[in-house]
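So the chains spell out like this:
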Amino acid sequence: MRTNNDVWTAAGFGVLAGMRSMTAPALLSRELSRKPTRALKRALPGLTSRKVSQRLGLLALGEVLGDKSPTAPARTAFPILTGRVLSGAITGAAVSRKRRGARLGLTLIGAGAAIASSYVFYGFRRLMTQRLRVPNVAAGLVEDGLALALGSRLTRALR
C-alpha cells in the first residue's frame, strides 16, 4: 500500500525532473547508494550502485552548466520533454517504500509532475529573462538553487 509520503515524494521528484532532468535521478541514486538494503539492491540495482551514482552526478553537473548556454534547447521541445518525463517516471517509481506490487501509480505521478514542472519552470524562466530582464545565467542559477533545495528536502524524506 502506498503512503501519502510516497505520493508526495514521487511528485516532488517529478517536479525536480521537470526542472533539471538529470538532477532528480542523480540525487535519488546518491541517497540510495549510501545504505542500500538487500531489497533495494534487487529492485533497483542500477540506482543503488555507487558508480552509477557518480556518473549520474557528472551528467547532472553537465546539464546544469549546459542549461546556461544561449543555444540550449527549450525544455518543452519534444525530445527534451521526453527525457524529463522518463526521469520523473523512473524516480517516481523508485521512491516506493513497498517494493512489492505495481508502482504504476507512482510512475504516473512522477511523469505527470515532470510534465507540469517543465512547463511551469519554462514560463518562470521566460518571465525572469524577458519581462524582468534578468540575465539568463542569473535566472538559471535561481532555478538551480530551487532545484537543490527541493532535492535536499526530498532526499531527507527518503531516510
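Each value, and the rule that gives it
Residues numbered from 1 in each chain as written. Predicted model: local features only at pLDDT ≥ 70, side-chain atom pairs only at ≥ 80, totals over all residues. Heavy atoms only, no water. Helix = DSSP H or I, 4+ residues; strand = E, 2+ residues; numbered from the N terminus. Buried < 20%, exposed > 50% of the residue type's maximum accessible area, 1.4 Å probe, protein only. Contact = heavy atoms within 4.5 Å. Areas by Shrake-Rupley, 256 points an atom, 1.4 Å probe, with all protein chains shown as cover. Phe/Tyr/Trp six-rings, centres within 6.5 Å; stacked < 30°, edge-to-face > 60°. pLDDT = per-residue confidence, 0-100. Salt bridge = Lys/Arg side-chain N within 4 Å of Asp/Glu carboxyl O. 1 Å grid on protein atoms, 1.4 Å probe; cavity = no way out; pocket = protein on both sides within 12 Å on 5 of 7 lines; lining within 4 Å. Points joined across faces, edges and corners; volume = space filled by probe spheres on them. Nonpolar A, V, L, I, M, F, W, Y, C, P; charged D, E, K, R; others polar. Core = buried A, V, L, I, M, F, W, Y, C linked by side-chain atoms within 4.5 Å.

This next bit is on the overall build of the protein chain. Secondary structure assignment for the protein chain yields seven helices and zero strands. Relative to its full complement of 159 residues, the protein chain shows a buried share of 40%. Contacts in the protein chain between residues at least 24 apart in sequence constitute 70% of all its contacts with a sequence separation of at least 6. Carbon and sulfur atoms form 65% of the exposed surface of the protein chain, whose accessible area is close to 8900 Å².

This brings us to the packing of aromatic side chains. Evaluated as defined, the whole model comprises one aromatic pair. Residues Phe121 and Phe124 carry aromatic rings whose centres are separated by 5.9 Å and whose planes lie at 80° to one another, so their mutual orientation is edge-to-face. Placement of the pair is Phe121 and Phe124 together in helix H6 (residues 104–131), with a separation of three residues, close to one helical turn. Overall, the relative accessible area of 25% leaves Phe124 in the partly exposed class.

Moving on to the confidence of the model for the protein chain. The predicted coordinates of low-pLDDT regions are not to be read in fine detail. Across the protein chain, the average pLDDT comes to 87, with 88% of residues at or above 70. Within the protein chain, the lowest mean pLDDT, 58, falls on helix H3 (residues 38–43), and the highest, 95, falls on H6.

This paragraph deals with the pattern of salt bridges. Evaluation of the coordinates by the stated rule reveals ten salt bridges. Asp144 serves as the salt-bridge partner of Arg20, at 2.7 Å between the closest nitrogen and oxygen. In this pair, Arg20 sits in the loop between helix H1 (4–19) and helix H2 (23–34) while Asp144 sits in helix H7 (residues 136–158), placing the two residues 124 residues apart along the sequence. We classify Asp144 as buried; its relative accessible area is 9%. Across the pair Lys68 and Asp67 runs a salt bridge whose closest N-O atoms are separated by 3.8 Å. A residue is classified by how much of its surface remains accessible, and Lys68, at 14% relative accessible area, is buried. Because the salt bridges share partners, they merge into one network encompassing Arg20, Asp67, Lys68, Arg75, Arg125, Glu143 and Asp144.

Leftover empty space is mapped by rolling, across the atoms, a probe with the size of a water molecule. If you add up the space inside the largest pocket, you get close to 440 Å³. In this structure, the largest pocket is lined by 18 residues; those nearest its centre are Asp67, Ala72, Pro73, Ala74 and Arg125. When residues of the lining of the largest pocket are traced back to their parent elements, those giving at least two are helix H4 (50–67), helix H5 (78–94) and H6. At five residues, H6 tops the list of elements feeding residues into the lining of the largest pocket. For the lining of the largest pocket, the per-class residue count stands at six nonpolar, five polar and seven charged.

Among the nonpolar cores identified, the biggest contains 21 residues, and Phe13, Leu16, Ala24, Leu28, Leu47, Val95 and Leu158 are the most heavily contacted of them. Those elements giving two or more residues to this core turn out to be H1, H2, H4, H6 and H7.

Quick look at the side chain of Glu31 now. As for its position among the elements, Glu31 is in helix H2. On the basis of relative accessibility, which here comes to 13%, the residue Glu31 falls in the buried class.

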